[in-house]
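Below are the chains, spelled out letter by letter.
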Amino acid sequence: MFYPYLLGRNHFRVPDLYVPQGQTWLAPELDTPPRRPRIIAPMSSFLRLQTVMVYVRDQDLSLQFYVDKLGFTLIVDAELPDGTRWIALAPSEGSAMLGLIAPQVGSESYQLIGRQTQVIFLAEDVHAKLAEWSRNGIRFHEVPLGADWIAGVFAMFEDLDGNTFAVVGYDAATRQIEEARRVASAKLEAERRSAQELEIAKQVQRRLFPQTEPRAGSLDYSGICIQAQQVGGDYYDFLALGPDRVGLVIGDIAGKGIAGALLMASLQAHLRSQCANTIDKPLTLLPSVNRLFYENTGDSAYATLFFAEYNAQQQRLTYANCGHPAALLLRRNGTLERLESTCTVLGLFPEWSCVIEDVSFLPGDLLIVHTDGVSEACDVSGEEFGDERLVESVHRHRHLGSEALVAELVNEVRRFAPNEQQDDITLIAAKLS
């Protein structure tokens with residue numbers, strides 16, 4: 001007679017456990033005392049038992065049996081390319097599946113119907129599971145049976161075709177199941193808290209973006225930030241600098257996710273606080289922001305920034321480009337000017353100075369400021385959207401109002417790069433009517 005023996009933690013081998021009606025199965029004496037299950041160290045690569053094949057005569061009837069009687073869950077019911085119907089089911093709290101195969105009559109596989117499957121199910125409470133299945137009409141062999149080899153009990157049962165399975169339960173497994181549930185519950189709770197905290201962070205960051213648009217003559221301006229993750233490191237802002245004066249700001253933090261969002265909030269706070277103190281001194285404003293950002297962040301933290309002040313009375317645009325992608329200034333006559341970097345990035349150096357540039361900004365002119373998430377968005381082949389496509393898009397939609405223009409530019413980027421977004425997409429458009 002064959003008997004099951006332990007291979008490792010929760011792993012058993014049962015060459016033949018079929019017990020004829022009326023006979024009792026007894027575990028044979030072992031040459032050595034029973035040992036505790038051997039814990040197998042986790043492998044470096046992922047591996048799990050996926051599917052065990054069970055041969056049946058009628059897949060529809062067997063499917064109904066496993067779902068209705070045993071409480072299994074249907075995972076797959078599909079037709080394979082060769083016309084074979086593939087049904088896969090899984091027990092509750094199980095990752096391995098049973099595959100129900102209906103072989104051709106007379107085939108070698110057909111002869112395997114009604115045999116010992118060598119499949120063992122592990123139950124937390126064997127007696128409760130057997131009582132549940134008995135009420136559903138499941139046939140068993142001599143249940144429950146004591147098994148010294150596991151210090152627990154086991155039972156044998158059949159499906160509609162006489163395929164025989166074993167179900168076992170023992171104290172060590174129950175403790176492991178309870179521990180696994182505790183760990184899983186703790187993991188779910190941690191994930192729930194993390195998701196809740198992330199949602200709060202998302203709402204907080206959303207409030208950091210401008211909630212109002214200060215009026216500055218006939219300037220029509222709008223901005224948008226579409227984050228690659230729930231929170232991100234891109235930043236844009238509109239600052240009230242006085243009568244008919246508005247500050248247009250866009251920044252890109254080195255970092256993504258929570259880390260980038262925290263740095264973004266820090267930069268926004270420094271910029272707004274210093275703007276209140278040095279509202280008429282842009283040459284003083286940005287060095288002060290740099291100093292605070294440097295002193296309150298890590299050694300590798302930095303940000304690119306484009307800061308521009310529009311003065312409606314003078315129709316002038318005063319700006320500093322701190323290592324940021326060049327802004328696009330499209331003139332009314334169609335000529336394009338690029339507002340390139342005037343100084344290095346913020347936050348890397350304690351002593352830092354910037355150069356302020358000044359350009360006219362007249363009716364019909366259009367300013368586009370963006371982060372590299374726009375120009376570096378890639379299509380399926382890895383090609384970037386690029387500055388040329390952006391310039392073409394700006395020319396094509398320049399007649400639109402700022403809000404509609406921003407939306408169209410974003411749509412073009414997304415059509416070009418339909419895959420998962422890899423970086424924050426942030427844009428500001430400003431035009432004079």
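Cut-offs used in this document
- Residues numbered from 1 in each chain as written.
- Predicted model: local features only at pLDDT ≥ 70, side-chain atom pairs only at ≥ 80, totals over all residues.
- Heavy atoms only, no water.
- Phe/Tyr/Trp six-rings, centres within 6.5 Å; stacked < 30°, edge-to-face > 60°.
- Buried < 20%, exposed > 50% of the residue type's maximum accessible area, 1.4 Å probe, protein only.
- Helix = DSSP H or I, 4+ residues; strand = E, 2+ residues; numbered from the N terminus.
- Pairing = 2+ DSSP bridges.
- Core = buried A, V, L, I, M, F, W, Y, C linked by side-chain atoms within 4.5 Å.
- Patch = residues over 30% accessible without salt bridge, like charges linked within 9 Å, V, L, I, M, F, W, Y side chains within 5 Å.
- Areas by Shrake-Rupley, 256 points an atom, 1.4 Å probe, with all protein chains shown as cover.
- Salt bridge = Lys/Arg side-chain N within 4 Å of Asp/Glu carboxyl O.
- Lys, Arg positive; Asp, Glu negative; His and termini not counted.
- Charge placed at Lys NZ, Arg CZ, Asp CG, Glu CD.
- Expected span 1.5 Å × (residues − 1).
- Arc of directions from axis to C-beta.
- Contact = heavy atoms within 4.5 Å.
- Axes fitted to C-alpha atoms, helices over the stretch in contact; angles between N-to-C directions.

Caption draft 1: Representation of the packing of aromatic side chains in the model. One pass over the structure, following the stated rule, counts 14 aromatic pairs. Clustering of aromatic rings is evident, with ring pairs tying together Phe 65, Tyr 66, Phe 72, Phe 121, Trp 133, Phe 140, Phe 157 and Phe 165.

Caption draft 2: Looking closely at the pairing of strand β6 (residues 97-101). Here β6 lies mainly inside the structure; five of its five residues are buried. Residue alternation in β6 divides its side chains into two sets, Met 97, Gly 99 and Ile 101 and Leu 98 and Leu 100, and both sets are buried. Relative to β6, strand β3 (residues 51-55) is paired through five bridges, and the arrangement is parallel. Paired with Met 53 across the strands is Gly 99, a residue of β6. The pairing of strand β5 (residues 85-90) with β6 spans three bridges and is classified as antiparallel. Counted as the bridge partner of Ile 87 is Leu 100 from β6. Where β5 folds back on β6, the antiparallel hairpin that results is connected by six residues, among which Glu 93 adopts a positive phi of roughly 55°.

Caption draft 3: Just the nonpolar core, in detail. Ranked by size, the top nonpolar core spans 51 residues in total, and within it Leu 267, Leu 286, Tyr 310 and Leu 367 carry the most contacts. Residue contributions to this core peak at six residues, all from strand β14 (residues 303-311). One finds Ile 87, Trp 133, Val 153 and Phe 165 within the second-largest nonpolar core, a separate group that totals 24 residues.

Caption draft 4: Representation of a negative patch on the surface. Negative charge collects at one region of the surface, where Glu 340, Asp 387, Glu 388 and Glu 392 lie side by side. By the secondary structure assignment, Glu 388 is in helix α7 (residues 386-397).

Caption draft 5: The arrangement of unusual backbone geometry in detail. Positive phi values are uncommon outside glycine, yet Gln 118 reaches one of about 60°. Mapped onto the secondary structure, Gln 118 falls in strand β7 (residues 116-122). Notably, Gln 315 is not glycine yet its phi reads approximately 50°, a positive angle. Topologically, Gln 315 is positioned in the loop between β14 and β15 (316-322). Exposure remark for Gln 315: the relative accessible area of 30% places this residue in the partly exposed category.

Caption draft 6: Focus on helix α8 (residues 402-416). The terminal C-alpha atoms of α8, which comprises 15 residues, lie 21 Å apart, in line with the 21 Å expected from a rise of 1.5 Å per residue. Among the residues making up α8, those that are buried are Ser 402, Leu 405, Val 406, Leu 409, Val 410, Glu 412, Val 413 and Phe 416. Viewed end-on, α8 has its buried residues packed into an arc of 155°, placing them on one side of the element. Away from the buried face of α8 by more than 90 degrees, exposed residues Glu 403 and Arg 415 are located. Turning to α8, the residues buried within the fold contact β11 (219-226), β19 (366-370), α6 (372-375), α7 and β20 (425-432).

Caption draft 7: Structural view of the pattern of salt bridges. Counted according to the given criterion, the structure contains 15 salt bridges. A salt bridge links Arg 272 to Asp 237; the nearest nitrogen and oxygen atoms lie 2.6 Å apart. With Arg 272 in helix α4 (residues 257-277) and Asp 237 in strand β12 (residues 234-242), the pair connects residues that are 35 residues apart, well separated along the chain. Residue Asp 237 is classed as buried on the basis of its relative accessible area, which comes to 0%. Across the salt bridge formed by Arg 396 and Glu 412, the nearest N and O atoms sit 2.7 Å from each other. Placement of Arg 396 in helix α7 and of Glu 412 in helix α8 is noted, with a sequence separation of 16 residues between them. Because the salt bridges share partners, they merge into one network encompassing Asp 60, Asp 77 and Arg 85.

Caption draft 8: Layout of the sheet that holds β3. In spatial order, the strands read β3-β6-β5-β4; together these four strands make up an open sheet with mixed pairing. At either end of the open sheet lies a strand with only one pairing partner, and these are β3 and β4 (73-79). Averaged over neighbouring strand pairs, the angle between their axes works out to 25° when direction is ignored. Here helix α1 (residues 59-69) sits on the sheet and contacts β3, β4, β5 and β6; the angle it forms with β5, its principal contact strand, is near 10°.

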